[in-house]
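# Per-entry structural report
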2 protein chains.
Amino acid sequence: MERCEVVILGSGNVATHLAKAIDKHHHVAQVYSRNHAHASELANSLKDCTPTGNLDQLLTEADVYIVSISDDSIGNVIGAMPKVKGMVVHTSGSVGMESLAHLKNPIGVFYPLQTFSKDTMVDLSDVPFFLEASDENTLHRLEEFGSFLSNKIYYADSEQRKTLHLAAVFACNFFNYLLDISTEILGQKGYALDVLEPLIRLTISKAFEIGAHDSQTGPAVRGDMATINKHLGMLDTNQKEIYRILSQSIIDRHKNTLKYEQN
Amino acid sequence: MERCEVVILGSGNVATHLAKAIDKHHHVAQVYSRNHAHASELANSLKDCTPTGNLDQLLTEADVYIVSISDDSIGNVIGAMPKVKGMVVHTSGSVGMESLAHLKNPIGVFYPLQTFSKDTMVDLSDVPFFLEASDENTLHRLEEFGSFLSNKIYYADSEQRKTLHLAAVFACNFFNYLLDISTEILGQKGYALDVLEPLIRLTISKAFEIGAHDSQTGPAVRGDMATINKHLGMLDTNQKEIYRILSQSIIDRHKNTLKYEQN
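Reference entry: report on the structure contained in this document. (Residues numbered from 1 in each chain as written. Chains lettered and ligands numbered in written order. Predicted model: local features only at pLDDT ≥ 70, side-chain atom pairs only at ≥ 80, totals over all residues. Heavy atoms only, no water.)

### A word on the sheet that holds strand β3 (residues 50-52) of chain B
The pairing of strands in a sheet comes from backbone hydrogen bonds and takes either a parallel or an antiparallel form. Residue and element names in this part refer to chain B. Across the sheet, which stays open at both edges, the eight strands sit in the order β3-β2-β1-β4-β5-β6-β7-β8 with mixed pairing between neighbours. In the strand order of this sheet, the two ends are held by β3 and β8 (153-155), each with one partner. For this sheet the average axis-to-axis angle between neighbouring strands, irrespective of direction, equals 25°. Note that strand β2 (residues 27-32) and β3 share three bridges and pair parallel. Pairing of Q30 across the sheet is with T50, part of β3. Of the strands in this sheet, β1 (5-9), β2, β4 (64-67), β6 (107-112) and β7 (129-133) touch helix α1 (residues 13-22), which is tilted by about 165° from β1. Running over the sheet, helix α2 (residues 36-44) touches β2 and β3 and is turned about 165° from β3. (Pairing = 2+ DSSP bridges. Helix = DSSP H or I, 4+ residues; strand = E, 2+ residues; numbered from the N terminus. Axes fitted to C-alpha atoms, helices over the stretch in contact; angles between N-to-C directions. Contact = heavy atoms within 4.5 Å.)

### Let's talk about unusual backbone geometry
Residues and elements named next belong to chain A. A positive phi angle, near 50°, is found at D48, a position not held by glycine. Position of D48 among the secondary structure elements: in the loop between α2 (36-44) and β3 (50-52). Judged by its relative accessible area of 67%, D48 falls in the exposed class. (Buried < 20%, exposed > 50% of the residue type's maximum accessible area, 1.4 Å probe, protein only.)

### Quick look at the interface of chain A and chain B
Each side of the interface is counted separately: chain A has 89 residues, and chain B has 89 residues. Between chain A and chain B, a total of about 8700 Å² is buried, with carbon and sulfur atoms accounting for 67% of that surface. Joining chain A to chain B, the criterion identifies four salt bridges. Between B:R253 and A:D180 there is a salt bridge; the shortest N-O distance is 2.7 Å. Summed over the shared surface of chain A and chain B, the number is 33 residue pairs in polar contact (both at pLDDT 80 or more). When contributions to the side of chain A that touches chain B are tallied by element, the ones reaching two or more residues are α5 (158-187), α6 (197-210), α8 (225-234) and α9 (237-254) of chain A. The element best represented in the side of chain A that touches chain B is α5(A), accounting for 26 residues. Split by residue class, the side of chain A that touches chain B holds 46 nonpolar, 25 polar and 18 charged. (Buried area = accessible area lost by both parts, 1.4 Å probe. Salt bridge = Lys/Arg side-chain N within 4 Å of Asp/Glu carboxyl O. Polar contact = N/O pair within 3.5 Å; in protein donor to acceptor, adjacent residues only side chain to side chain. Nonpolar A, V, L, I, M, F, W, Y, C, P; charged D, E, K, R; others polar.)

### Points about the sheet that holds strand β8 (residues 153-155) of chain A
Residues and elements named next belong to chain A. Across the sheet, which stays open at both edges, the eight strands sit in the order β3-β2-β1-β4-β5-β6-β7-β8 with mixed pairing between neighbours. Here the strands that pair on one side only, and so sit at the sheet edges, are β3 and β8. In this sheet, adjacent strand axes meet at a mean angle of 25° when their direction is disregarded. Pairing analysis gives three bridges linking strand β7 (residues 129-133) to β8, with the strands arranged parallel. By the bridge assignment, L131 is partnered in β8 with Y155.

### As for the relation of the copies chain A and chain B
Least-squares fitting of chain A to chain B yields an RMSD of 0.0 Å, with the superposition described by an axial translation of 0.0 Å and a rotation of 180°. As the rotation angle and translation indicate, the two copies are arranged about a two-fold axis. Residues of chain A ranked by C-alpha distance from the rotation axis are headed by A:F175, positioned 2.8 Å from it. Taken as a fraction of all interface residues of chain A, those also at the interface in chain B reach 99%, which identifies the copy contact as same-surface. (Least-squares fit on C-alpha atoms with pLDDT ≥ 70 in both.)

### With respect to the packing of α5(A) against helix α9 (residues 237-254) of chain B
Running from N to C, α5(A) and α9(B) cross one another at 55°; their axes reach a closest spacing of 11 Å. With respect to their mutual orientation, α5(A) and α9(B) come out oblique. Crossing of α5(A) against α9(B): the hand is left-handed. Seen from α5(A), the contacting residues are A:L166, A:V169, A:F170, A:N173, A:F174, A:Y177, A:D180 and A:E184; seen from α9(B), they are B:Q239, B:I242, B:Y243, B:L246, B:S247, B:S249, B:I250, B:R253 and B:H254. By residue class, the composition of the contact of α5(A) with α9(B) is nine nonpolar, five polar and three charged. (Parallel < 35°, antiparallel > 145°, perpendicular 65-115°, else oblique. Left-handed = near helix turned anticlockwise from the far one by under 90°.)

### A word on the nonpolar core
A:L9, A:F170, A:L196, B:L9, B:F170 and B:L196 are the most contacted members of the largest nonpolar core, which totals 121 residues. Residues contacting B:L196, with those up to four places away along its chain left out, are A:L113, A:L164, A:A167, A:A168, A:A171, B:S182 and B:L186. (Core = buried A, V, L, I, M, F, W, Y, C linked by side-chain atoms within 4.5 Å.)

### A short note on the environment of A:A19
Residues and elements named next belong to chain A. Relative to the elements of secondary structure, A19 occurs in helix α1 (residues 13-22). Separated by 128 residues in the primary sequence, A19 and S147 place their C-alpha atoms 15 Å from one another. Apart from the residues lying within four places of it in its own chain, the contact partners of A19 are I8, V28, L42 and L46.

### Focus: α5(A)
All names here are of chain A. Between its first and last C-alpha, α5 extends 42 Å over 30 residues, near the 44 Å set by a 1.5 Å rise per residue. Helix geometry: α5 is bent most strongly at V169, by close to 35°. With respect to burial, α5 is a largely interior element, 26 of its 30 residues being buried. (Expected span 1.5 Å × (residues − 1). Bend = angle between axes of the 7 residues up to and from the residue.)

### Observations regarding the pairing of β1(B)
Residues and elements named next belong to chain B. When you tally the buried positions in β1, you get four out of five residues, the bulk of the element. Read from β1 through α1 to β2, the crossover connection turns out right-handed. Sheet topology places β1 next to β4; four bridges connect them, and they run parallel. Looking across to β4, one finds that V6 is bridged to V64. (Right-handed = clockwise from strand over helix to strand, strands pointing away.)

Dropping the structure here:
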């Protein structure tokens, strides 16, 4: 695919990381945000890019329009867009491609399976992108467009993509929350999360090497109720509920296995 | 500390990893397990080591006795030990040092904060060990003993150690279980956990760089109820309960922050 003219709709974390990476290989000509100051901030960090806070002023001749805004706003923004020429894609894990279907344009989805925050650099070349498009030709063009950003370009229909996003909530968002709870517990005795770093890194290596089911360890998988009850007595109401539900679920999943018997 | 004569009581995962590492710098003279075959298997993997399945046959002149068995069995084994000469330590995160207190020996705790399984090699030099001892001299000797195994030797009293163990259950055991759930969800659409690897690794880096509380992302921290409800509809009863409790807890923790407002 030749150098494309690109319009980014959105100025949040995903929009920002994508815009900066796309700008290296293509031309991000315009950034739209309903908040003009946010559009300006992002546009100013790119080469020859104009900000706008007004959908009516959207460039109509660009090759690719990337809608990277909150899931709830996609319908409204798509509904209010002027008629444009190029392909229109969104970047959401949990919104179906059909949300773009009333556009006459070629449509698609360009979903990066990664967590983005403003202050953390991300090497997009290692990030898996999951693509979907309204037709073979659009999919092919989207693949070419994405191949400049990442080495990991996959296909996923809307159902598959929703599943990927759901799995990511467990492995990323909920995992991070467990680290938040650990940090809080450790802090009560003056320790930082760092003391757990070797443990956390090995937990991941084992899950990828032998599978998370087989690498489960801890009091619950051993059916060690004495330790479980001791731990429940050390936790506040909210942490206790989380500990109780997760332990019971691990017990239910493993109670017929050898590990459970080992206790 | 000079080369020590060591007796290992136990033949499970922790006992096995410790025995093999200790054997490089000291002499593991004997391994006890109530299951003689297990004692033999471990003893045979060490240099000049005798197995026994009988506590009465325990060597009495060793320098260090390491009790590395399930928490529930520590009391029984300590109670049935013959009178021995050296220091006696256990390796448990959640059992107090006082469980060894009726011995006349110098006593202590030698707790490695790591997850051990039979088939996964662990580099102990990177593993934090948390030590406690009945007196200054014993603590000093235990420090010297441990310094051959690991570069990370810390002190923790029994309360601190229980807290470390509890935090590790969240960051290791429960985290692994989330990966187990993710693996199951991904498998329904033909994906392996590998597609989440870059996401998981970045989640960890961010938690250590900017702190887990500040790096929280996902539908719950944004108060994105539409996505949360969609996800709940895709899960089985058990997964749904876990998703619901963790999301509600994240919402409660972040509902007065800017991230929540951003949705």
